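Chain residues, written in single-letter form:
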Amino acid sequence: FGRRRTASVVAGQAMAQAQDKKVDSRGFSTPEGLTNDPHDRRFPGDFGFDPFGFSSDGYADEVLQSVGAKFEAKRWYREAELMHGRVAMLATFNVVIRASPLAGVMPDQFLEEQSMFQFAQIMTAIEGFRGWRLLVNKEKIAGDLGLGAGPVEGGWKMSWDMTLEELAVKQHKELQNGRLAMLAFAGITAQYVTTGRPVGMDTEEIYRLEAMIGSAWLPQDDPVRSIVLTIAGAVMIGDGVRRLLNVGKDENVKTNSIADKAINPLKVQFGIQDPQVPLPPGVVSGQLGQRLDITEEQVLQFEQDGVLMIKGGMKDWVEFLRAITDFQIENPHVWSLVGRASGMYDYIQRNMWMTNNGFRDFLYYSPLGHIVAQLGRTEEVRCSTDMLLVNPNRGFGWHQDNQNGPIGHPDAIRWWCAMDRCGEDDFGAPEYLMGSHRNGSVSDEAVFVKLEDGDLSSFSDKTKFVPEPGDLIIWNSRTIHRILSPPGQLWTDGTQRRAIGGTLAKGNTIYFNKGGASGISDLAGHEQQNGQPLSSPYFPRIYPERVLEEVELREHGSLVGRSPKKILDLGVTLASNASKYISFTQVVGKKD
């Protein structure tokens, strides 16, 4: 009976201890000896993370206490973490500076010729003092060398009115910076072991990149700025992934029903999708593309203004386009997830004609090719790229298109077809700076522009289109334009703006891989080379008639929509040139 009572008492005590154990916001219990309070005055930087149990290991304490010494292992571990972090911050700063134009400011020659031995003596003395303080001076906090540790007896205060709470916050910040620096230096070390260089690229790597992406897109900025901007880009991507993973969980991540459908993981599709929506009345599968005559007056207006809206140009296709778009939203393709992660659109996907038979049929059979052939005064029209754009949540400021596929501006004609009325509240519909395609100050590679720069100020007239379903907008790819987002950057239920757009290529267009970020619109698995005529199943001819071989390859699913090699090459390019694409962040969300 006594044994049973003892066992029950022990069990009760264990349950009580389990109930008293702290649980953090993730549902994990806090290890013994920790508080899970980063600003705890006694032990700042405590996140309750101790997978190896260092905080509860009292073996070293017991051994030293047996000989009359008080060790405090946790304090020692914290000291070690702080010193490793401080050294890592200095080391990372040193490596980055040496890889930059400021390398000459480092005191290499002074240390090598005069004071290396004296420097080593000083460091030895400092380390001896640290060890003595840890073992003997029990009142000093971990990491305190008496050089600005705050309100500690006998120490020099960084701020005379600093409280212990304020000190804990500063110590927490130092720990976080040190932890980041340790990770950064580990990455620098890994790169050095792999490539022989801690930061940047050597000459051979630059030559390889130059051959692959063109010298115009190689990094021109110093490594420090490139590193900072690359990290900023990674943070943006991480935030997009967070948005995808937390839909319906995070009250700060707002979506509507369309956005929710577009990221339903149970509905994600691969390969070619067939919505099985009947073609518009009078359209027969296999026929030539429809014809719609454009007047010479309209052609001249397009050439003068750089933009033209054709009222009702696609009115017969509205219901068909809506049906296949709704199908696509209900059954999101895997290619859409990267764009969706950005949060810029509720649904966005490039090269729809490759993966959705409905959008392929729209290109094949609608009058789009005939309309563009007349406005571009060309005898042949091919598809360079297309894109489904549903509900722009973030506006794009005044800019010039550069995602036109592997073709130059003179060969590119942009198009955009509305499926819903938009623009009446000044958002959702593109706004164009009329005649700006004739400017002489914006380079072909530029994206974001300021209307007061160069000769853009001489173009003052702007469109105020309010497109109805079926209206078609055609513009010169150099025409400056923008699009505004709805209030709060969110399309509420009951409102939507569905549109399909893209770039068509004139006859005799030459393939031109511009490299850099423009490669986003040229990731298919074709083998076209610079200087060759644009003639490939990946850029199908839609006017005056289709090419049978191109149609058959698409029909049999033989096209490689995304080339793994091109995706890898693009990742290298973007990472190497992060600082050159900073203008994109200036475009997103701009209102003027």
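The rules behind each value
Residues numbered from 1 in each chain as written. Predicted model: local features only at pLDDT ≥ 70, side-chain atom pairs only at ≥ 80, totals over all residues. Heavy atoms only, no water. Helix = DSSP H or I, 4+ residues; strand = E, 2+ residues; numbered from the N terminus. Buried < 20%, exposed > 50% of the residue type's maximum accessible area, 1.4 Å probe, protein only. Areas by Shrake-Rupley, 256 points an atom, 1.4 Å probe, with all protein chains shown as cover. Pairing = 2+ DSSP bridges. Expected span 1.5 Å × (residues − 1). Arc of directions from axis to C-beta. Phe/Tyr/Trp six-rings, centres within 6.5 Å; stacked < 30°, edge-to-face > 60°. Lys NZ or Arg CZ within 6 Å of the ring centre and 35° of its normal. Axes fitted to C-alpha atoms, helices over the stretch in contact; angles between N-to-C directions. Parallel < 35°, antiparallel > 145°, perpendicular 65-115°, else oblique. Left-handed = near helix turned anticlockwise from the far one by under 90°. Contact = heavy atoms within 4.5 Å. Polar contact = N/O pair within 3.5 Å; in protein donor to acceptor, adjacent residues only side chain to side chain. Salt bridge = Lys/Arg side-chain N within 4 Å of Asp/Glu carboxyl O.

A. Fine view of the overall build of the chain. Counting its secondary structure elements, the chain contains 17 helices and ten strands. In the chain, which comprises 592 residues, the share counted as buried stands at 44%. Here the chain displays about 31,500 Å² of accessible surface, and carbon together with sulfur accounts for 57% of that area.

B. A look at the pairing of strand β5 (residues 412-418). When you tally the buried positions in β5, you get seven out of seven residues, the bulk of the element. Sheet topology note: the β5/strand β9 (residues 498-506) ladder contains seven bridges and is antiparallel. Along β9, the bridge assignment pairs Trp 416 with Gly 501. As defined by bridge partners, β5 adjoins strand β7 (residues 472-476) across five bridges and the pair is classed as antiparallel. In the sheet register, Arg 414 faces β7, and the bridge partner there is Trp 475.

C. Here's a closer look at helix α14 (residues 368-375). Most of α14 is tucked away: eight of the eight residues are buried. Residues of α14 that are buried: Leu 368, Gly 369, His 370, Ile 371, Val 372, Ala 373, Gln 374 and Leu 375. Once α14 finishes, Arg 377 follows within two positions and takes phi at roughly 50 degrees, a positive value.

D. Up close: helix α10 (residues 318-330). Over its 13 residues, α10 extends 18 Å from the first C-alpha to the last, a length consistent with the 18 Å expected when each residue adds 1.5 Å. Listed in full, the buried residues belonging to α10 are Val 318, Phe 320, Leu 321, Ile 324, Thr 325, Gln 328 and Ile 329. Looking down the long axis of α10, one finds its buried residues gathered within 165 degrees of arc, a one-sided arrangement.

E. Representation of the packing of aromatic side chains in the model. Within this structure, the stated rule accounts for seven aromatic pairs. Aromatic side chains Trp 317 and Phe 320 sit 5.4 Å apart centroid to centroid with 85 degrees between the ring planes, which places their arrangement in the edge-to-face category. Here the aromatic rings of Phe 362 and Trp 415 are separated by 6.0 Å at their centres, their planes lie at 35 degrees, and the arrangement is tilted. Pair noted here: Phe 362 is in helix α13 (residues 357-365) and Trp 415 is in strand β5, with a separation of 53 residues, a long-range link. Considered together, Phe 362 and Trp 415 belong to a single accessibility category, that of buried residues. Among the aromatic residues, those joined into a ring-pair cluster are Trp 317, Phe 320, Phe 362 and Trp 415. Cation over ring: Arg 546 sits above Tyr 364, and NZ or CZ is 4.9 Å from the ring centre.

F. Seen up close, the packing of α13 against helix α15 (residues 548-555). Running from amino to carboxyl end, α13 crosses α15 at an angle of 170 degrees, the nearest separation of the two axes being 12 Å. Taken as axis vectors, α13 and α15 run roughly antiparallel relative to one another. Helix-helix and strand crossings are classified by hand; for α13 and α15 the assignment is left-handed. Residues Asn 357, Arg 360 and Tyr 364 of α13 touch α15, and the partners they reach there are Val 551, Arg 554 and Glu 555.

G. Spatial organisation of the sheet that holds strand β6 (residues 431-432). Pairing is antiparallel in the open sheet, where three strands are placed in the order β4-β8-β6. In the strand order of this sheet, the two ends are held by β4 (396-399) and β6, each with one partner.

H. Highlighting the side chain of Ser 366. Within the element layout of this structure, Ser 366 appears in the loop between α13 and α14. Assessed through its relative accessible area of 3%, Ser 366 is described here as buried. There is a polar contact of 2.7 Å between the side chain of Ser 366 and the backbone oxygen of Phe 362. Ignoring sequence-local partners within four residues, the contact set of Ser 366 consists of Gly 289, Gln 290, Met 314, Trp 317 and Asp 361.

I. Local environment of the pairing of β7. Most of β7 sits out of view: four of its five residues are buried. The sheet contact formed by strand β1 (residues 307-310) and β7 spans four bridges and is antiparallel. Its bridge partner lying in β7, Leu 308 is registered against Ile 474.

J. Expanded view of the pattern of salt bridges. Here the structure, examined in full by the defined rule, presents 19 salt bridges. The partner of Arg 360 in a salt bridge is Glu 555, with the nearest N and O atoms 2.9 Å apart. On the criterion of sequence distance, the pair formed by Arg 360 in helix α13 and Glu 555 in helix α15 is long-range, its members being 195 residues apart. Judged by its relative accessible area of 11%, Arg 360 is buried. Glu 468 serves as the salt-bridge partner of Arg 421, at 2.0 Å between the closest nitrogen and oxygen. Of this pair, Arg 421 sits in the loop between β5 and β6 while Glu 468 sits in the loop between β6 and β7, and the two are 47 residues apart along the sequence. Judged by relative accessible area, Arg 421 falls into the partly exposed class, the value being 41%. For Glu 468, a relative accessible area of 30% translates into the label partly exposed.

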